[in-house]
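# Overview (structure and organization)
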Amino acid sequence: MADPKGFLTTPRETPRRRPVDIRLKDWREVYEEFSHQKLQQQAGRCMDCGIPFCHQGCPLGNLIPEWNDLVWREDWRGAIERLHATNNFPEFTGTLCPAPCEAACVLGINSDAVSIKQVEIEIIDRAWEEGWVRPETPAAATGRTVAVVGSGPAGLAAAQQLTRAGHRVIVYERADRIGGLLRYGIPEFKMEKFRLDRRLEQMRAEGTEFRTGVNVGVDLTVEQLRSEHDAVVLAGGSTVSRDLPITGRELGGIHQAMEYLPPANRVQQGDLSHSPISAEGKNVVIIGGGDTGADCLGTAHRQGAASVTQLEIMPTPPNERPDNQPWPTYPMLYRVSSAHEEGGNRMFSVNTQEFLGDENGNLRALRLVEVRRENGGFVPVEGTERELPCELVLLAMGFVGPERAGMIDELGVELDARGNVARDRSFMTSVDGVFSAGDMGRGQSLIVWAISEGRSVAAGVDQYLMGRDALPAPIGPNDRPLT
Ligand SMILES: Cc1cc2nc3c(=O)[nH]c(=O)nc-3n(C[C@H](O)[C@H](O)[C@H](O)COP(=O)(O)OP(=O)(O)OC[C@H]3O[C@@H](n4cnc5c(N)ncnc54)[C@H](O)[C@@H]3O)c2cc1C
Ligand code: SF4
């Protein structure tokens, strides 16, 4: 156990965010430095529980009490070894994960949970600084070749595991850069791209091959894909955005979040001087109160929006755990992300009825109405209709599943009832030798689940190719969060 009295004597602490007026002038990550000494004390709060519920909350089964103890004892090298034992990319989860482990932490029953996510990011940052993150080349080549389609966290985790197991792995990505949503969805202020790039360098040095600009099903036929590889992993994500087909949807100035965020990221990558869809000087409305909406919010503020309003159809969530979401579940609470702290107006229990245009066919406002829950649905509250002036609307209402045309249709893999790619217990689809992981099979989810599925699908592929049980499989395809 770390500090036997730490949980009694040390209050929870996390790093401060940089001042809003400063961070809005740049796109860098928003958190200030956190001293090693403070971090050690935070790790020392861990009680090394007999039944560590943090494990259960974490889809990767991260060995949290072990690395808390190692950090407390200043054995940082030991800590990164234990962290890498279950997580290929702790820097992705350490910056981006909503930390279901913290929601499940036993200390959280009557106190503040251990700052697990902060300990995680500090361990991996220190490991990179010290040069401890080195390529891990395989001991022997198996002579087998695996294609991974899609280079988001699921594809990358699968590729790294399979490369290290000795297979020749080729990652096909239709975008011009590797990374999936880590690259073009998630803004710099949440995770700076150097974190992704240095990990890709490690993977290249280990032997993983990357081919960008290859849309499988178009540039490379599925017949070629199958004939050139002994197994295939589909990790193409959940890319079809939910739309809002109401009157006025065709007006200029209404965009999906994933039409808006990628060019903003491209400006930061140096590809564009200005985004073709900019919020500069505009009244912006974001429809959808989730993480994607918050990313649009932070981006719009950095682009110099005149005003930003985020609409959510659900009621305002509570500040404390409600009775129906007890510990150790991940509760739906009123959360103030860094983007929310930067400004803007949040409206809950409202629905959009219509988009209103000007004489040139451009958006000038939307009409909204307050709603209340009734019989599991939403009904408008009479007399609450009003117009909200706006010149840019961003739709951030989630994703309905993977694209079927092209790769999925041509492979003929079966889909589940929700339209995602169906898998068996080893993550194999209905087509022999074709596997699937991440949002493409799970539906829209989280990075931690994508990495976890990537590790599990690698175990399934390795077992299929070699008949051995060599790689860890943290989860099954039907495992769900503690909700
Ligand atoms: C804006 C936004 C912000 C988010 N923020 C967070 C967050 O803060 N924390 C968190 O945990 N989760 C977040 N998520 C969710 C998280 O990003 C996803 O759950 C995760 O990236 C899924 O990983 P994946 O590897 O399955 O797919 P993706 O990351 O979607 O990658 C799929 C890749 O496959 C490629 N592809 C698809 N079809 C083909 C084809 N036929 N040929 C070649 N390539 C193909 C795509 O171009 C893409 O690059 C966010 C999602 C969005 C949209
Ligand atoms: S549940 Fe919390 S206190 Fe217990 S071992 Fe995990 S991190 Fe430590």
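Residues numbered from 1 in each chain as written. Chains lettered and ligands numbered in written order. Predicted model: local features only at pLDDT ≥ 70, side-chain atom pairs only at ≥ 80, totals over all residues. Heavy atoms only, no water.

## Structural notes on the environment of Cys 296
- Take Cys 296: it is sitting in helix α15 (residues 291-303).
- Sequence separation of Cys 296 and Glu 130 is 166 residues, and the distance between their C-alpha atoms is 35 Å.
- Apart from residues lying up to four places away in sequence, Cys 296 is in contact with Ala 257, Tyr 260, Leu 261, Ile 286 and Leu 394. (Helix = DSSP H or I, 4+ residues; strand = E, 2+ residues; numbered from the N terminus. Contact = heavy atoms within 4.5 Å.)

## Some words on the UniProt feature "domain: Dihydroprymidine dehydrogenase" (unreviewed entry) in the protein
- Sites flagged by UniProt as "domain: Dihydroprymidine dehydrogenase" (unreviewed entry) map to residues 24-131.
- Between the end C-alpha atoms of residues 24-131 there is a gap of 32 Å, over a span that is 54% helix and 0% strand. (UniProt positions renumbered as here; feature names shortened; annotations may be inferred.)

## Section: the sheet that holds strand β3 (residues 209-212)
- The strand order across the open sheet formed by five strands is β3-β2-β1-β4-β16, and the pairing between neighbours is parallel. Two strands bound the open sheet, and with one partner strand each, they are β3 and β16 (434-436). This sheet shows a mean twist of 20° between the axes of neighbouring strands, independent of strand direction.
- Across four bridges, the pairing between strand β1 (residues 145-149) and strand β4 (residues 231-234) is parallel. Paired with Ala 147 across the bridge in β4 is Val 232. (Pairing = 2+ DSSP bridges. Axes fitted to C-alpha atoms, helices over the stretch in contact; angles between N-to-C directions.)

## A short note on the domain arrangement of the protein
- Taken as a whole, the protein is organised into domain 1 (6-130), domain 2 (145-239 + 400-466) and domain 3 (243-397).
- Put simply, the middle of domain 1 and the middle of domain 3, counted by C-alpha atoms, are 31 Å apart.
- Residue-level contacts link 16 residues of domain 1 with 16 residues of domain 3.
- For the domain 1 and domain 3 pair, buried surface summed over both sides reaches about 1500 Å², with 62% attributable to carbon and sulfur atoms.
- Linking domain 1 with domain 3 are three salt bridges, by the criterion used here.
- Inspection of the domain 1/domain 3 interface yields nine residue pairs in polar contact (both at pLDDT 80 or more).
- Every element with two or more residues in the side of domain 1 that touches domain 3 is listed here: α2 (20-23) and α8 (100-104).
- In terms of residue count, the dominant contributor to the side of domain 1 that touches domain 3 is α8 (three residues). (Domains from an automatic or database assignment. Buried area = accessible area lost by both parts, 1.4 Å probe. Salt bridge = Lys/Arg side-chain N within 4 Å of Asp/Glu carboxyl O. Polar contact = N/O pair within 3.5 Å; in protein donor to acceptor, adjacent residues only side chain to side chain.)

## Concerning the sheet that holds strand β9 (residues 345-347)
- Here five strands make up an open sheet; going across it, the order is β6-β14-β7-β8-β9 and the pairing parallel. Strand pairing shows two members of the sheet lacking a second neighbour, β6 (254-256) and β9, which therefore form its edges. Direction aside, neighbouring strands of the sheet carry axes that sit 20° apart on average.
- Sheet topology note: the strand β7 (residues 283-287)/strand β14 (residues 392-395) ladder contains four bridges and is parallel. By the bridge assignment, Val 285 is partnered in β14 with Val 393.
- Running at roughly 80° to β6, helix α14 (residues 257-269) makes contact with β6 and β14 of the sheet.
- The strands touched by α15 are β7, β8 (307-311) and β14; relative to β8, the strand with the most contacts, the crossing angle is about 175°.

## Brief notes about the pairing of β1
- Among the five residues of β1, five are classified as buried, and the element is accordingly described as predominantly covered.
- What you see with β1 is no split at all: Thr 145, Ala 147 and Val 149 on one side and Val 146 and Val 148 on the other are buried throughout.
- Where β1 meets strand β2 (residues 168-173), five bridges bridge the pair, whose relative direction is parallel. The partner of Val 146 across the bridge, within β2, is Val 169.
- What joins β1 to β2 is helix α10 (residues 153-164), and the crossover it makes is right-handed. (Buried < 20%, exposed > 50% of the residue type's maximum accessible area, 1.4 Å probe, protein only. Right-handed = clockwise from strand over helix to strand, strands pointing away.)

## Thoughts on the packing of aromatic side chains
- With the rule as written, the count across this model stands at five aromatic pairs.
- Measuring from centroid to centroid gives 4.7 Å for Phe 53 and Trp 327, while their planes differ by 55°, and the two rings are tilted. You can see Phe 53 sitting in helix α4 (residues 53-57) and its partner Trp 327 sitting in the loop between β8 and α16 (338-341), a full 274 residues away along the chain.
- Exposure remark for Trp 327: the relative accessible area of 23% places this residue in the partly exposed category.
- Across from the ring centre of Tyr 184, 4.2 Å away, lies the NZ or CZ of Arg 266, which sits over that ring.
- In this structure, Arg 302 packs its charged tip against the face of Phe 189, placed 4.0 Å from the ring centre. (Phe/Tyr/Trp six-rings, centres within 6.5 Å; stacked < 30°, edge-to-face > 60°. Lys NZ or Arg CZ within 6 Å of the ring centre and 35° of its normal.)

## Description of the site of ligand 1
- The environment of ligand 1 is made up of 33 residues, and the closest members are Leu 96, Glu 173, Lys 190, Val 216 and Asp 439.
- Within the contact set of ligand 1, a nitrogen atom lies 3.2 Å away from a side-chain nitrogen or oxygen of Asn 215.
- In isolation ligand 1 exposes 1000 Å². Once the protein is present, 94% of that is buried.
- A breakdown of the residues in the shell around ligand 1 according to their chemical character gives 17 nonpolar, eleven polar and five charged.
- In this structure, the shell around ligand 1 is formed jointly by two domains, domain 2 (145-239 + 400-466) and domain 3 (243-397), each of which donates at least three residues. (Near = heavy atom within 4 Å. Areas by Shrake-Rupley, 256 points an atom, 1.4 Å probe, with all protein chains shown as cover. Nonpolar A, V, L, I, M, F, W, Y, C, P; charged D, E, K, R; others polar.)

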